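# Examining the three-dimensional arrangement
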Amino acid sequence: MKFAICSSSIDWAATGTMLQGIGTIGGVVAVVWAANKGADTFNAWRRQKVAERRLDQAERILTAAYKGRRALAEVRHAMISEHELLAAGEQMKEKEGWAAQTAPRQKRLVTAQAFYNRINRTKEEREALDQCLPMARALFSENLEQAIEKLIHQFRVVQVDVECYVDYEGTDAEFTKKLKRGMYALKPPAGEVNEVTDAMEVAVATIERICLPVLRLEASPEGGRT
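Quantities reported herein were computed from a predicted structural model and do not represent experimental measurements. (Residues numbered from 1 in each chain as written. Predicted model: local features only at pLDDT ≥ 70, side-chain atom pairs only at ≥ 80, totals over all residues. Heavy atoms only, no water.)

Our focus in this paragraph is the packing of aromatic side chains. Throughout the structure, instances matching the rule amount to two aromatic pairs. Seen in terms of ring centroids, Phe115 and Tyr184 are 5.4 Å apart; in terms of plane orientation they differ by 75°. Their pairing is edge-to-face. Within this pair, whereas Phe115 is found in helix α3 (residues 103–120), its partner Tyr184 is found in the loop between α6 (173–183) and α7 (195–215), the two being separated by 69 residues in sequence. Residue class for Phe115 comes out buried when judged on its relative accessible area of 0%. Given the relative accessible area of 15%, Tyr184 is considered buried. Between the aromatic rings of Tyr168 and Phe175, the centroid separation amounts to 5.0 Å while the plane-to-plane angle is 80°, which identifies the pairing as edge-to-face. With a relative accessible area of 15%, Tyr168 lands in the buried category. Lying over the aromatic face of Phe115, Arg118 brings its terminal NZ or CZ to 5.6 Å of the ring centre. (Phe/Tyr/Trp six-rings, centres within 6.5 Å; stacked < 30°, edge-to-face > 60°. Helix = DSSP H or I, 4+ residues; strand = E, 2+ residues; numbered from the N terminus. Buried < 20%, exposed > 50% of the residue type's maximum accessible area, 1.4 Å probe, protein only. Lys NZ or Arg CZ within 6 Å of the ring centre and 35° of its normal.)

Okay, here's the thing in structure tokens:
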């Protein structure tokens, strides 16, 4: 049907077809808009979840680091109590061949056992640090993972120094000092460094540098702003 207006004719059938086309295009635009909006919403939700996980893990890692540092300090405490030495002595007396050891070596073995007992009491703290490693790398950086590994490694360094101490008779002054620096948290003379203490503090400082900004909702040096 055609209707004349101002000498022009409108083809209603064609107009209907055109409107249907416009409707189809509008539908496509709406679908695309909805899809984009949905993607934006999903991405925002995902970013929020990642931020929440980073916050939780930063707190977990920092707590483990502080507990680990305190545990390592307790292992390396310069004072070994009489109770610790007595308990270690009783343990050593049960070992085969104990009576055949010289008096100086027996003394070193008792001291070493006291250190082993201390290290064994830090199992929970060491495991907590170890369990932080996967998320430290996944949510933060390799630097954070390596800092945690360095802190864990200091427990092993102390253990190796204790093992060396058992069979070492103190013939080399420099090596003696090195063993003592590893076993004990002693402040070295001016110009010298306690390698274990220094490595521990550097590791904790790195962990703080990466995790504290996340907890404070500040710009993080590794991982952006939460």
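Having seen the structure, we can now continue with the description.
Here we take up the packing of helix α2 (residues 82–93) against α3. Interhelical geometry of α2 versus α3 gives an angle of 105° and a closest axis separation of 8 Å. Considered as vectors, α2 and α3 are oriented roughly perpendicular to each other. For the pair α2 and α3, contact is made by Glu84, Leu85, Ala88, Gly89, Gln91 and Met92 and by Leu109, Val110, Thr111, Gln113, Ala114, Asn117 and Arg118, respectively. By residue class, the composition of the contact of α2 with α3 is six nonpolar, five polar and two charged. (Axes fitted to C-alpha atoms, helices over the stretch in contact; angles between N-to-C directions. Parallel < 35°, antiparallel > 145°, perpendicular 65-115°, else oblique. Contact = heavy atoms within 4.5 Å. Nonpolar A, V, L, I, M, F, W, Y, C, P; charged D, E, K, R; others polar.)

What follows covers α2. With twelve residues, α2 ought to run about 16 Å at 1.5 Å a step, and its terminal C-alpha atoms sit 16 Å apart, in line with that. Along α2, the residues that are buried comprise Glu84, Ala88, Gly89 and Met92. The arc that holds every buried residue of α2, seen down its axis, measures 130°, which confines them to one face. Exposed residues lying more than 90 degrees from the buried face of α2 are Glu82, His83, Leu86 and Lys93. Among the structural elements, α3 are those in contact with the buried residues of α2. (Expected span 1.5 Å × (residues − 1). Arc of directions from axis to C-beta.)

The subject of this paragraph is the side chain of Glu145. Structurally, Glu145 is set in helix α5 (residues 142–167). For Glu145, the side chain forms a polar contact with the side chain of Arg137, separated by 2.4 Å. Other than its neighbours up to four places away in sequence, Glu145 contacts Leu133, Ala136 and Arg137. (Polar contact = N/O pair within 3.5 Å; in protein donor to acceptor, adjacent residues only side chain to side chain.)

So, about the pattern of salt bridges. As enumerated under the stated definition, the model contains eleven salt bridges in all. Here Arg118 makes a salt bridge to Glu84, at a shortest N to O gap of 2.8 Å. With Arg118 in helix α3 and Glu84 in helix α2, the pair connects residues that are 34 residues apart, well separated along the chain. Assigned by exposure class, Arg118 and Glu84 land together as buried. Salt bridges sharing common partners tie together Glu174, Lys177, Arg181, Glu192 and Glu195. (Salt bridge = Lys/Arg side-chain N within 4 Å of Asp/Glu carboxyl O.)

Viewed as axis vectors pointing N to C, α5 and α6 meet at an angle of 135°, and their least axial separation amounts to 8 Å. One finds that α5 runs oblique with respect to α6. Here α5 runs over α6; the crossing is left-handed. Along its contact with α5, which presents Val158, Asp161, Val162, Cys164 and Tyr165, the element α6 presents Phe175, Lys178, Leu179, Gly182 and Met183. The class makeup of the residues in the contact of α5 with α6 is seven nonpolar, one polar and two charged. (Left-handed = near helix turned anticlockwise from the far one by under 90°.)

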